[in-house]
Amino acid sequence: MSIQMLAQELYRLLQEVEKIEKQLGNAPPEKKEEIKDKLRKISAERNRIRDALDGKIDRQSKHHIS
């Protein structure tokens, strides 16, 4: 996946995390666990994409420095 595609996916996931955090804040108590689980999954995906993007940028900058 290209850096641009990773960055776009990361941006989408960041927005999704914000949206779910707002839902969690406004959720009735009986829905909070379900929303927390969704937030946990989206946050993990966000972190995975962020790590992939950081790795690509690091590899690319090292390649250009050599």
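Residues numbered from 1 in each chain as written. Predicted model: local features only at pLDDT ≥ 70, side-chain atom pairs only at ≥ 80, totals over all residues. Heavy atoms only, no water.

### Here we look at the pattern of salt bridges
Argument step 1. Under the definition given, this model contains seven salt bridges.
Argument step 2. Taking the shortest distance from any N to any O, the salt bridge between Arg40 and Asp37 comes out at 2.6 Å. Remark: Asp37 and Arg40 occur in helix α2 (residues 29–65); sequence separation between them is three residues, near one turn of the helix.
Argument step 3. Exposure remark for Asp37: the relative accessible area of 30% places this residue in the partly exposed category.
Argument step 4. Through salt bridges with shared partners, a single ionic network connects Asp37, Arg40 and Lys41. (Salt bridge = Lys/Arg side-chain N within 4 Å of Asp/Glu carboxyl O. Helix = DSSP H or I, 4+ residues; strand = E, 2+ residues; numbered from the N terminus. Buried < 20%, exposed > 50% of the residue type's maximum accessible area, 1.4 Å probe, protein only.)

### Quick notes on the environment of Ile20
Argument step 1. Structurally, Ile20 is set in helix α1 (residues 3–26).
Argument step 2. Using a relative accessible area of 0% as the deciding quantity, one classes Ile20 as buried.
Argument step 3. For the pair Ile20 and Ile42, spaced 22 residues apart in the sequence, the C-alpha separation amounts to 8.9 Å.
Argument step 4. Setting aside residues up to four positions removed in sequence, Ile20 forms contacts with Ile35, Lys38, Leu39 and Ile42. (Contact = heavy atoms within 4.5 Å.)

### Side note on the side chain of Glu16
Argument step 1. Considering the arrangement of structural elements, one finds Glu16 in helix α1.
Argument step 2. When its relative accessible area of 18% is taken as the criterion, Glu16 is described as buried.
Argument step 3. Ignoring sequence-local partners within four residues, the contact set of Glu16 consists of Lys38 and Ile42.

### Describing the nonpolar core
Argument step 1. Core analysis: the largest hydrophobic core is formed by 12 residues, namely Leu6, Leu10, Leu13, Val17, Ile20, Leu24, Ala27, Ile35, Leu39, Ile42, Ile49 and Leu53.
Argument step 2. The element best represented in this core is α1, accounting for six residues. (Core = buried A, V, L, I, M, F, W, Y, C linked by side-chain atoms within 4.5 Å.)

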